[in-house]
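Coordinates in review
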Amino acid sequence: MTNRLADTLSPYLRAHADNPVDWYPWGEEAFAEARRRDVPLLISIGYSTCHWCHVMARESFADPVTAALINEGFVAVKVDREEHPQVDGAYMAAASAFTQNLGWPLTVFATPRGRTFYAGTYWPPEARAPMPAFREVLAAVREAWTLRRTEAEESADAVTDALARAAESAPSDVPDVVAITTAAEAIAQREDRRFGGFGGAPKFPVATTLRFLQHPLVREGAPEASAAGARALAAMAASDLRDADGGFFRYATGRDWTVPHYERMLTDNAQLLDIARDGGDEPTVRGIASFLTGVLPRDGGGFGAAQDSESTIDGVRSEGGYYLRPVAERAGLEPPAVDGKVITGWNGLAIGALARAGAAFGERAWIDAAAAAADHVLRTNRDAEGALVRASLDGRASAAVATAADLGLLADGLFALALATGETDWAITARGILDDVLSGAGGDDPLLSAQGIATSPDQTDGDLPSDAAAIASAALTAWWMGAGDRYREAAVSTVSALATRSLEQPFAHGTLLRVAAGLAAPPRQLVVVTGEPHSALAAAGRGADAEVVAVVTPDQARALADAGFELFEGKDTSTDRAYDCRAFVCRLPVSDPAEVSVAR
């Protein structure tokens, strides 16, 4: 049996390299083999810090008898959802036709064209009501393919066609203030008033939704909805979801935020850093920043994707055992492994969050960590032609294409880094990446496209912003920085295309609604020009509530203006001046820190 996973980029795939299952990585070779043998594909999707993925691997994929059943009746494909998010999204959407208990590991049975005719998640090695044994599932699926193949193929085509239709969206107007506040109030109706947060168990941070509820327009127009978001942050920060070292776990299995699922994701912590900063929760900000800069950095500067839920304690694999020890007792233990994949978009989230927090709290080390990650991604996450790719590991670039969300999130993070440092090159690079994605860069998965499978069956936020929302957010930031009205038009176009759906399902479109709020409310832009970045005037500016806060030298202001960021035009003539601009109309500059309004 050929070992096809040992040299792959993904730590998750490498962990399965010695399974008796004849795994293929995601690619045309697996599809060709399924066509040649005329058997279904078994597509198993997970990620390296997923506890139940580890469990199913030990129970079933490492079992020779189960592996023989798989090898005999299927072509088995192992997919890292973090390396191939479009593949995961497409098959997760298809799986929703067969089960409402969605999650990972995701187990999909598909035709040789890759179209789903049955799917589920974790199945145990022995039947546990109401779950059948995994071997029973394999036998039943193989029987259906052999004896009722026509029905299976018709079902697969129907699911694929339905998802393609669902992806279509009729454009509408950009939501106005009333529509946006009504959407926020609808979200607030789902609040768990006893324990904080939204919904029951399992309970997730829902960071994209919380960021929307923090928007100034929501604070003013729907104060109770904004307060619900603040209560959620306070509840999470005081709960078991937050580790003693400051980092947050993925989710809680209890409605009261107890019994966490112990993996710690870059995505969650980066977004929660922004939420804590906007919420004025300095202890939580510092705890998350410590986790991001102390645990997740990789050699070369990028941030790893996640820290595992499991570790080995006294020779036994333990889920959560490390985290249940007091911090002082952890020094003698081997910490849970960090998935070292440096994912382009996820690093963009962290770059932006650390840059904003570093500027707000005067922590240059956080800004430096953001800059190091930006350098690493821009240098390493590229293919032979120089295009940005999805990820890298140990300095080796993935073959997986960068998604539109990857590029949008990276561009937005680089804009934040430019504002935090005043360095023009970050802003120019960000604008170039944004221009590329607005021109169509950020490819769909080519194998899904070749099979006619929608790579983006919807544009809802999951654990991070959707493709559309990420692009619109970066375009809005570019417009705020004075890069030109065409960026506002790009944000308007994207929001309009999804306006109806986002207002009907506000909980699933937090980032897009936050962009809509940014379009509906005139922005505040504060530029402090000073030769002393630690002056009282600079500190007053950094503490202000504004969409754009920049502390720059006269030379930096001139360079940004020369590069086409018109917000900085004419602000290079003297030092120690603060320019408070509302919708690009600037008040008379002031030099007294007391005259810089912290509030809007």
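Scroll up to find the structure this text is about.
Residues numbered from 1 in each chain as written. Predicted model: local features only at pLDDT ≥ 70, side-chain atom pairs only at ≥ 80, totals over all residues. Heavy atoms only, no water.

1. A short note on the packing of aromatic side chains
- Applying the stated criterion to the full structure yields 22 aromatic pairs.
- With 6.4 Å between their ring centres and 40° between their planes, Phe 109 and Trp 123 make a pair best called tilted. Placement of Phe 109 in strand 4 (residues 106–110) and of Trp 123 in the loop between strand 5 (116–120) and helix 6 (134–147) is noted, with a sequence separation of 14 residues between them. The residues Phe 109 and Trp 123 share a single accessibility class, namely buried. (Phe/Tyr/Trp six-rings, centres within 6.5 Å; stacked < 30°, edge-to-face > 60°. Helix = DSSP H or I, 4+ residues; strand = E, 2+ residues; numbered from the N terminus. Buried < 20%, exposed > 50% of the residue type's maximum accessible area, 1.4 Å probe, protein only.)

2. A word on the sheet that holds strand 16 (residues 524–529)
- Across the sheet, four strands lie side by side as 17-16-18-19; this open sheet has mixed pairing. Edge positions in the sheet fall to strand 17 (548–552) and strand 19 (585–586), since each has one partner strand and no second. (Pairing = 2+ DSSP bridges.)

3. Digging into the state of the cysteines
- This model, assessed by the stated rule, comprises two disulfides.
- With its sulfur 2.4 Å from that of its partner, Cys 50 forms a disulfide with Cys 53. Residues Cys 50 and Cys 53 share a disulfide whose torsion about the S-S bond is about 80°; that sign makes it right-handed.
- Relative accessible area serves as the criterion here: at 2%, Cys 53 is assigned to the buried category.
- Two residues share a disulfide in this structure: Cys 581 and Cys 586, whose sulfurs sit 1.9 Å from each other. Across the S-S bond of Cys 581 and Cys 586 the torsion is about 90°, and the bridge reads as right-handed. (Disulfide = S-S within 2.5 Å.)

4. Quick notes on the pairing of strand 10 (residues 310–313)
- With four bridges connecting them, strand 10 and strand 11 (residues 316–319) associate as antiparallel partners. Considered in strand 11, the bridge of Ser 311 is made with Ser 318.

5. Here's the deal with helix 12 (residues 266–278)
- Helix length check: helix 12 (13 residues) gives 19 Å between terminal C-alpha atoms against 18 Å at 1.5 Å per residue, within 8%.
- Of all 13 residues that make up helix 12, twelve are buried, and the element is covered over most of its length.
- Looking at the buried side of helix 12, the elements it contacts are helix 9 (207–213), helix 11 (223–237), strand 8 (264–265), helix 13 (282–294), strand 9 (306–307) and helix 15 (344–361).
- Immediately beyond the C-terminal end of helix 12, within one or two residues, lies Gly 280, with a positive phi of roughly 70°. (Expected span 1.5 Å × (residues − 1). Contact = heavy atoms within 4.5 Å.)

6. Observations regarding the sheet that holds strand 8
- Here three strands make up an open sheet; going across it, the order is 8-9-12 and the pairing antiparallel. Both edges of this open sheet fall to strand 8 and strand 12 (338–339), since each of them pairs with a single strand only.
- In terms of strand pairing, strand 8 meets strand 9 through two bridges, oriented antiparallel. In the strand pairing of strand 9, Met 265 is matched with Ala 306.

7. Observations concerning the environment of Tyr 323
- Topologically, Tyr 323 is positioned in helix 14 (residues 321–324).
- You can call Tyr 323 buried: its relative accessible area is 6%.
- Spatially, the C-alpha atom of Tyr 323 lies 8.6 Å from that of Ser 309, the residues being 14 residues apart in sequence.
- Excluding residues that lie within four positions of it along the chain, Tyr 323 makes contacts with Asp 243, Phe 249, Tyr 262, Arg 264, Gln 307, Asp 308, Ser 309, Arg 330 and Pro 336.
- A polar atom in the side chain of Tyr 323 sits 3.3 Å from the side chain of Gln 307. (Polar contact = N/O pair within 3.5 Å; in protein donor to acceptor, adjacent residues only side chain to side chain.)

8. Here we look at the nonpolar core
- Of all hydrophobic cores here, the largest spans 158 residues; its most connected members are Phe 109, Phe 134, Leu 417, Leu 434, Phe 565 and Phe 568.
- For Phe 565, the residues in contact, after removing those within four places along its chain, are Phe 415, Ala 427, Ile 428, Arg 431, Met 481, Gly 482, Ala 483 and Leu 560.
- Tyr 24, Val 77, Val 108 and Ile 453 belong to the second-largest nonpolar core, a separate cluster that totals 24 residues. (Core = buried A, V, L, I, M, F, W, Y, C linked by side-chain atoms within 4.5 Å.)

9. Re a negative patch on the surface
- A cluster of like negative charges, contributed by Asp 485, Glu 489, Asp 562, Glu 566 and Glu 569, occupies part of the molecular surface.
- By the secondary structure assignment, Asp 562 is in helix 25 (residues 554–562).
- Overall, the relative accessible area of 65% leaves Asp 562 in the exposed class. (Patch = residues over 30% accessible without salt bridge, like charges linked within 9 Å, V, L, I, M, F, W, Y side chains within 5 Å. Areas by Shrake-Rupley, 256 points an atom, 1.4 Å probe, with all protein chains shown as cover. Salt bridge = Lys/Arg side-chain N within 4 Å of Asp/Glu carboxyl O. Lys, Arg positive; Asp, Glu negative; His and termini not counted. Charge placed at Lys NZ, Arg CZ, Asp CG, Glu CD.)

10. Re the packing of helix 16 (residues 364–380) against helix 18 (residues 424–438)
- In contact at an axis separation of 13 Å, helix 16 and helix 18 are set at 45° when each is read in the N-to-C sense. With respect to helix 18, the axis of helix 16 lies oblique. Considering how the two elements wind past one another, helix 16 and helix 18 form a crossing that is left-handed. Seen from helix 16, the contacting residues are Ala 371, Ala 374, Asp 375 and Leu 378; seen from helix 18, they are Trp 426, Thr 429 and Ile 433.
- Per-class residue counts for the contact of helix 16 with helix 18 are five nonpolar, one polar and one charged. (Axes fitted to C-alpha atoms, helices over the stretch in contact; angles between N-to-C directions. Parallel < 35°, antiparallel > 145°, perpendicular 65-115°, else oblique. Left-handed = near helix turned anticlockwise from the far one by under 90°. Nonpolar A, V, L, I, M, F, W, Y, C, P; charged D, E, K, R; others polar.)

11. A word on helix 6
- Spanning 14 residues, helix 6 covers 20 Å between terminal C-alpha atoms, matching the ideal 20 Å at 1.5 Å per step.
- Taken as a whole, helix 6 has its buried residues at Phe 134, Val 137, Leu 138, Val 141, Ala 144 and Trp 145. The buried side chains of helix 6 occupy one side of the element, clustering within an arc of 130° when seen end-on. In helix 6, the exposed residues that point more than 90 degrees away from the buried face are Thr 146 and Leu 147. (Arc of directions from axis to C-beta.)

12. Quick word on the environment of Pro 260
- Along the chain, Pro 260 turns up in strand 7 (residues 260–261).
- Along the chain, Pro 260 and Lys 78 lie 182 residues apart, while their C-alpha atoms are 27 Å from each other.
- Other than its neighbours up to four places away in sequence, Pro 260 contacts Asp 240, Leu 241, Phe 249, Tyr 251 and Ala 252.

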